[in-house]
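Topology and contacts: notes
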Amino acid sequence: MITFWRIFAASWKHVFRNAWIGLATIFVFMMALFSVNVLLGVNAMLDQTLKILEDRIDVTVSFTTTAPVAVVNQARFYLASLPQVSEVTQLSADEVLQRFRDTHKAESKVLGALEELNGNPLGAQITVKAKNPEDYPFIIKAIQNPQYAEFINPPVYDDHQIAIARVQEIGRSTRIVGAILVALFALFGLLIAFNAIRVAVYTQREEIAIMRLVGASSFYIRAPFILEGLWLTLIALIFSGLAIYGAVLWLEPALSPLFEGAGAGLSGFFIGQAPLIIAVEGGSLIILVMMVSWVAVGRYIKR
Amino acid sequence: MIQLEHVSKIYAPSTAALQDVSLRIAAGDFVSIVGQSGAGKTTLAKMLMAEEQPTEGRVIIGGWDITRIRSYEIPQLRRQLGVIFQDYKLLLKKTVYENISFALEVAGAPRKRIRDVVPQVIRMVGLEGKDHRFPQQLSGGEQQRVVVARALVHRPKILLADEPTGNLDTHNTRDIMDLLLKINHFGTTVILVTHNREVVNALRRRVITLKDGTVVSDQSEGKYTLPV
């Protein structure tokens, strides 16, 4: 017990007596954590952008003026029953006409032409939102059901298919590039942390040799260095966490206008995923630091 | 009792630091091992503290054959051996008191024993009042006294001093040698590795002379006979 207490006390003495090396190591760890988290943040913002884009996508099914209300209602129920569909909105022919008038209220020629038509030239509309953009092709195919096909204006489908395919492609590419960049930065971060620990141990190599000469066991020499690495990592994690939290709180409202008031997605990601982020980043850094400390000290205590 | 039986040490590819060295050092002896640079003195000292292993032969300390000592047994050996170096080898970030107590702490000594023993050895080497100073705040002679104190806290049966006066002036050299004689007087075997002619001649104790890795003379009240 007394040995464990001595090791614990020695590890904190190492931290304070090697304060400058410790500060440099903490700084390097923080840089490594920052670089990974900046990319995670960028990735979260890309996700949010895609989500906004995906939310904008919908399929509007325009019915002919001859379509009976019962058929429109039936089509709405049918679409709503599909597991791929998240939301279905139905507009009657009159509502569609009113909306058209509202949209073109400044265009007197358009409104004049509408009056000359003598009656409502527009049919009812159903707007469908899918749960995933990948589901739109299926939904479009579903509405082409022969039961409704003769009452639907066809050109709408192709326009949406192109837009949907484009957004899906952008989403796939950004997610792949983002994942690769995060992996690369995580690797660089770990390499930087690995070297910081090796340098810290190297500067204390003579001390390690002296400890060995006066009869310290390998464990007694190694343990304070490993614990010292652990304390430095925890300090770096706490400061990084606070700095990232502050940055997120500041950036989220600042970036919100760019996302049309929907939020940049940073706070949702970092606060919502905090336990996972801390566990993965902190856990891997702690394991790496402990392993590197063990190996680096071992070089100087061979005999 | 320290025993070396036909000990050789060959460094790759073919440099012989020691060749067929056999000697016995009885408990309580004060032995000077002398020789010029490269004679094999330091290699011999390193073998006694298991920092080097012989290529051939056997090294036995107090009945313990340390020739092929395992890595985890080395701390046990070193806790029974006091070692003094020319370059002090003090932990610069620890105070005098901490440097000395560290040797006891690593052996798991209880706090009470440390509180009792450390002030005693500090008094013994004449460093009272300087126990909270760091090594760099001490003179060379004082630093060497800290090393002696550190070597003594375990009450070792053997004290191995490798060029302990190499960095000291005449006054401090005499003080350190007086200290070693005092320690020997209380029954500790002292092995002094040196090439300081005046020190060896003033001692009038056993002298083992090494040359090119072999023992060329072993005199019970010897003198430094090598040319300058």
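Numbering of residues begins from 1 in every chain and follows the order in which that chain's sequence is written. Chain A is the first chain written and ligand 1 is the first ligand written, with later ones labelled in order. Reporting of local features is limited, given that this is a predicted model, to residues whose pLDDT is at least 70; pairs of side-chain atoms are given and counted only at 80 or more, and all residues count toward the totals for whole chains, interfaces and linings.

A closer look at the overall build of chain B
Worth spelling out the cut-off: Helix and strand definitions follow DSSP, with helices as H or I runs of at least four residues and strands as E runs of at least two, each counted in order from the N terminus. Each residue is classed by its C-beta neighbour count within 10 Å, where at least 20 other C-beta atoms makes it buried, 12 or fewer makes it exposed, and intermediate counts make it partly exposed; the C-beta atoms are placed from backbone geometry. Residues are treated as contacting if the C-beta atoms built from their backbones sit within 7 Å of each other.
Counting its secondary structure elements, chain B contains seven helices and ten strands. Looking at chain B as a whole, 43% of its 228 residues qualify as buried. Within chain B, contacts between residues separated by at least 24 positions form 66% of all contacts whose residues are at least 6 apart in sequence.

A closer look at the overall build of chain A
For chain A, the helix and strand inventory stands at twelve helices and three strands. Counting over 303 residues, chain A shows a buried share of 26%. For chain A, long-range pairs separated by at least 24 residues make up 86% of all intrachain contacts whose partners lie at least 6 apart in sequence.

Points about helix H6 (residues 136-143) of chain A
To be explicit about the condition: Throughout, the arc means that of the directions going from the helix axis to the C-beta atoms.
All of the buried residues along H6 of chain A are Tyr136, Ile139 and Ile143 of chain A. Around the axis of H6 of chain A, the buried residues are gathered within 60 degrees of arc, so they sit on the same side.

With respect to the pairing of strand E1 (residues 2-11) of chain B
Residue and element names in this part refer to chain B. Heads up, the condition is: In this description, strands pair whenever DSSP reports at least two bridges between them.
Where E1 meets strand E4 (residues 56-61), five bridges bridge the pair, whose relative direction is antiparallel. Its bridge partner lying in E4, Ile2 is registered against Ile61. In this sheet, strand E2 (residues 15-25) lies alongside E1 in antiparallel orientation, the contact comprising seven bridges. From the neighbouring strand, Gln3 faces E2, where its bridge partner is Arg24. Between E1 and E2, which pair antiparallel one after the other, the connecting turn spans three residues.

Side note on helix H3 (residues 96-105) of chain B
Within H3 of chain B, eight of the ten residues are buried, which leaves the element mostly enclosed by the surrounding structure. All buried positions along H3 of chain B are accounted for by Val96, Asn99, Ile100, Ser101, Phe102, Ala103, Leu104 and Glu105 of chain B. For H3 of chain B, the elements touching its buried residues are helix H1 (2-17) of chain A together with helix H4 (111-124) and helix H5 (140-152) of chain B.

Let's talk about the environment of Met211 of chain A
Turning to its location among the elements, Met211 of chain A is positioned in helix H9 (residues 205-213). For Met211 of chain A, a count of 26 C-beta atoms within 10 Å gives the class buried. C-alpha of Met211 of chain A to C-alpha of Ile221 of chain A: the two residues are ten residues apart in sequence and 6.8 Å apart in space. Setting aside chain neighbours within four positions, we find Met211 of chain A in contact with Ala216 and Ile221 of chain A together with Val106 of chain B.

What about the confidence of the model for chain A?
Any residue range with low pLDDT should be treated as having predicted coordinates unsuitable for detailed reading. Selection criterion: As a per-residue quantity, pLDDT reports the predictor's confidence and falls between 0 and 100.
Looking at chain A, the pLDDT average stands at 82 and 95% of residues meet or exceed 70. For chain A, the element scoring lowest by mean pLDDT is helix H8 (residues 156-202) of chain A, at 72; strand E2 (residues 85-91) of chain A scores highest, at 90.

A look at the sheet that holds E2 of chain A
All names here are of chain A. Test applied: Interaxial angle, 0 to 180 degrees, is taken between N-to-C directions of lines fitted to C-alpha atoms, where a helix line uses only the stretch in contact.
Overall, antiparallel pairing links the three strands, which are arranged E1-E3-E2 in an open sheet. Both outer strands of the open sheet, strand E1 (59-62) and E2, are each paired with one neighbouring strand and no more. Between one strand axis and the next, the sheet turns through 20 degrees on average, direction left out of account. Bridge count between E1 and strand E3 (residues 125-130): four bridges; the pairing is antiparallel. Paired with Val59 across the bridge in E3 is Val128. In the packing of helix H3 (residues 69-80) onto the sheet, the strands contacted are E2 and E3, and the crossing angle to E2 comes to about 165 degrees.

Remarks on the interface of chain A and chain B
What counts here: Only Asp, Glu, Lys and Arg are considered charged in this grouping, and only Ala, Val, Leu, Ile, Met, Phe, Trp, Tyr, Cys and Pro are considered nonpolar; every other residue, Gly among them, is considered polar.
Across the boundary between the two partners, chain A contributes 14 residues, which contact 19 residues of chain B. Looking at the side of chain A that touches chain B, the elements with two or more residues in it are H1 and H9 of chain A. Of the residues assigned to the side of chain A that touches chain B, the class counts are seven nonpolar, three polar and four charged.

As for the nonpolar core
Spelled out, the test is: Nonpolar cores are identified as sets of buried Ala, Val, Leu, Ile, Met, Phe, Trp, Tyr and Cys residues joined via C-beta atoms within 7 Å.
Phe29 of chain A together with Ala149, Leu160 and Ile191 of chain B are the most contacted members of the largest nonpolar core, which has 108 residues in total. Here the element with the most residues in this core is helix H2 (residues 19-56) of chain A; it accounts for nine residues. Formed by 16 residues, the second largest nonpolar core is a distinct cluster that contains Val72, Ala75, Ile139 and Tyr148 of chain A.

Here's the deal with unusual backbone geometry
Across the chain, the bulk of peptide bonds are trans and the bulk of non-glycine residues have phi less than zero. Residue and element names in this part refer to chain B. The omega torsion across Ala12 and Pro13 is 0 degrees, close enough to zero to call that bond cis. Tracing the sequence through the fold places Pro13 in the loop between E1 and E2. The residue Arg155 is not glycine, and still its phi comes out positive at about 50 degrees. Turning to its location among the elements, Arg155 is positioned in the loop between H5 and strand E7 (158-162). Positive phi values are uncommon outside glycine, yet Asp212 reaches one of about 50 degrees. Take Asp212: it is sitting in the loop between strand E9 (206-211) and strand E10 (214-219).

Re the sheet that holds strand E8 (residues 189-194) of chain B
All names here are of chain B. Pairing is mixed in the open sheet, where six strands are placed in the order E6-E7-E8-E3-E9-E10. What marks the edges here is a single partner per strand, and that holds for strand E6 (81-85) and E10. Adjacent strand axes in the sheet meet at a mean angle of 15 degrees, parallel and antiparallel pairs treated alike. The pairing of strand E3 (residues 30-34) with E9 spans four bridges and is classified as parallel. Its bridge partner being in E9, Ile33 is matched across the sheet by Ile208. Where helix H1 (residues 41-48) meets the sheet, its contacts fall on E3, E7, E8 and E9, and the angle it forms with E7 comes to roughly 150 degrees. Here helix H6 (residues 170-185) sits on the sheet in contact with E3, E7 and E8, set at roughly 150 degrees to E8.

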